[in-house]
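Summary of the model geometry
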Amino acid sequence: MDSAAINSFIPTLDQVDSWSEILTLLPILIVLELLLSADNAIALASLTKSLDSPLLRSKALNIGITISLLFRIFLILLSNILLKFIIIRIFAGLYLIYLFISNVFLSSESDIQDSGNDNKNNNFKFLKIVALLSLTDFAFSIDSITTAVAISDQYILIIFGAIIGVLALRFTSGIFLRLLEQFLRLETAGYIAILIVGIKLLLNTLITETILPDYYFYILILISFVWGLSKRDQIT
């Protein structure tokens, strides 16, 4: 649901006469982005769980999301060229599905392999997490950017929406970082959200006729959130 709020407002923003009118809509946009960035935020927060300290997790989020914003702006500016290649959307969908499989079913094996050389692997692990954060957020944003570009040619407004979305995403990611320490199932719920978005992206790319409305996928993500918050760590 990344940047869904700004997408829905773009037709309205296209009709305003000045930035002062846009600013009157800004509080609404910010609130909507905070609510609608939850699926992306929990996914990114889950990716940082393997880092050793909250400081490193926060630092990785800051760097990863900043890099992803640059990717978003690059994609928006070159959307007329890049978005014609459906292989980009297919790759993004497959990447998200792979991320779910590798972290839910294969993570224990990789953790055992990494445990022997913690000192040597710390820097590599941090850089790996930053790269994963950048790619994952970029993959999440492809669908919304495609929609935004399709309904408006006001690239400044779309970039403005991307910036609001990233700021909201960083805020909500910080909240989920704290919640991950308290709820045992929330990390897995984050990866389930990644899987759902990946499947949605593939279906929207490969099948021209709509099989399921988008809100079906959002309901599934909401159910995964509720499940993720259903078991609290008694120690905390």
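One can find the structure itself at the top, above this paragraph.
Reading guide: rules and limits
Residues numbered from 1 in each chain as written. Predicted model: local features only at pLDDT ≥ 70, side-chain atom pairs only at ≥ 80, totals over all residues. Heavy atoms only, no water. Helix = DSSP H or I, 4+ residues; strand = E, 2+ residues; numbered from the N terminus. Buried < 20%, exposed > 50% of the residue type's maximum accessible area, 1.4 Å probe, protein only. Contact = heavy atoms within 4.5 Å. Areas by Shrake-Rupley, 256 points an atom, 1.4 Å probe, with all protein chains shown as cover. Phe/Tyr/Trp six-rings, centres within 6.5 Å; stacked < 30°, edge-to-face > 60°. Patch = residues over 30% accessible without salt bridge, like charges linked within 9 Å, V, L, I, M, F, W, Y side chains within 5 Å. Salt bridge = Lys/Arg side-chain N within 4 Å of Asp/Glu carboxyl O. Polar contact = N/O pair within 3.5 Å; in protein donor to acceptor, adjacent residues only side chain to side chain. Axes fitted to C-alpha atoms, helices over the stretch in contact; angles between N-to-C directions. Parallel < 35°, antiparallel > 145°, perpendicular 65-115°, else oblique. Left-handed = near helix turned anticlockwise from the far one by under 90°. Nonpolar A, V, L, I, M, F, W, Y, C, P; charged D, E, K, R; others polar.

1. Some remarks on the overall build of the chain
Per the secondary structure count, the chain includes 11 helices and zero strands. Reading the chain from its N end, one meets helices and strands in the order α-α-α-α-α-α-α-α-α-α-α. Looking at the chain as a whole, 44% of its 236 residues qualify as buried. For the chain, the proportion of contacts with a sequence separation of at least 24, taken over those separated by at least 6, is 87%. Total accessible area on the chain stands at roughly 12500 Å², and carbon and sulfur atoms take up 67% of it.

2. Here we look at the packing of aromatic side chains
Counted by the stated rule, this structure contains four aromatic pairs. The interplanar angle of 70 degrees and the centroid separation of 5.6 Å between the aromatic rings of F71 and F138 together place this pair among those described as edge-to-face. Placement of F71 in helix α4 (residues 54-77) and of F138 in helix α8 (residues 118-151) is noted, with a sequence separation of 67 residues between them. With relative accessibility at 34%, the residue F71 sits in the partly exposed group. With centroids separated by 5.8 Å and ring planes inclined at 85 degrees, the aromatic side chains of F100 and F105 adopt a geometry described as edge-to-face. Under the relative-accessibility criterion, F100 is labelled buried at 12%. For F105, a relative accessible area of 54% puts it in the exposed group.

3. Regarding the side chain of S141
Position of S141 among the secondary structure elements: in helix α8. Using a relative accessible area of 0% as the deciding quantity, one classes S141 as buried.

4. Thoughts on a nonpolar patch on the surface
Where nonpolar side chains cluster on the molecular surface, the patch consists of F74, L77, L78, I81, F85 and I87 and spans about 610 Å² of accessible area. Relative to the helices and strands, F74 is located in helix α4.

5. Things to note about the environment of S134
By the secondary structure assignment, S134 is in helix α8. Note on S134: relative accessible area 4%, which makes it buried. Sequence separation of S134 and L70 is 64 residues, and the distance between their C-alpha atoms is 9.5 Å. Non-local contacts of S134, meaning those with residues more than four positions away in its chain, are made with G64, I67, S68 and F71. A polar contact of 3.1 Å, which involves the side chain of S134, links it to the backbone oxygen of G64.

6. Focus on the packing of helix α3 (residues 38-47) against helix α10 (residues 186-206)
Running from N to C, α3 and α10 cross one another at 125 degrees; their axes reach a closest spacing of 8 Å. Regarding the angle of α3 to α10, the classification is oblique. Pair α3 / α10 crosses with left-handed handedness. Contacts between α3 and α10 involve D39, I42, A43, S46 and L47 on the former and, on the latter, L186, E187, A189, G190, Y191, A193, I194 and V197. Split by residue class, the contact of α3 with α10 holds nine nonpolar, two polar and two charged.

7. With respect to the pattern of salt bridges
Overall, the coordinates contain three salt bridges when judged by the stated rule. Taking the shortest distance from any N to any O, the salt bridge between K49 and E187 comes out at 3.5 Å. Here E187 lies in helix α10 and K49 lies in the loop between α3 and α4, a separation of 138 residues in the sequence. What makes K49 partly exposed here is its relative accessible area of 26%. For E187, a relative accessible area of 25% gives the class partly exposed. A salt bridge links E181 to R57, with the nearest nitrogen and oxygen atoms 2.4 Å apart. Linking E181 in the loop between α9 (155-180) and α10 with R57 in helix α4, this pair joins segments that are 124 residues apart in sequence. Judged by its relative accessible area of 10%, R57 is buried.

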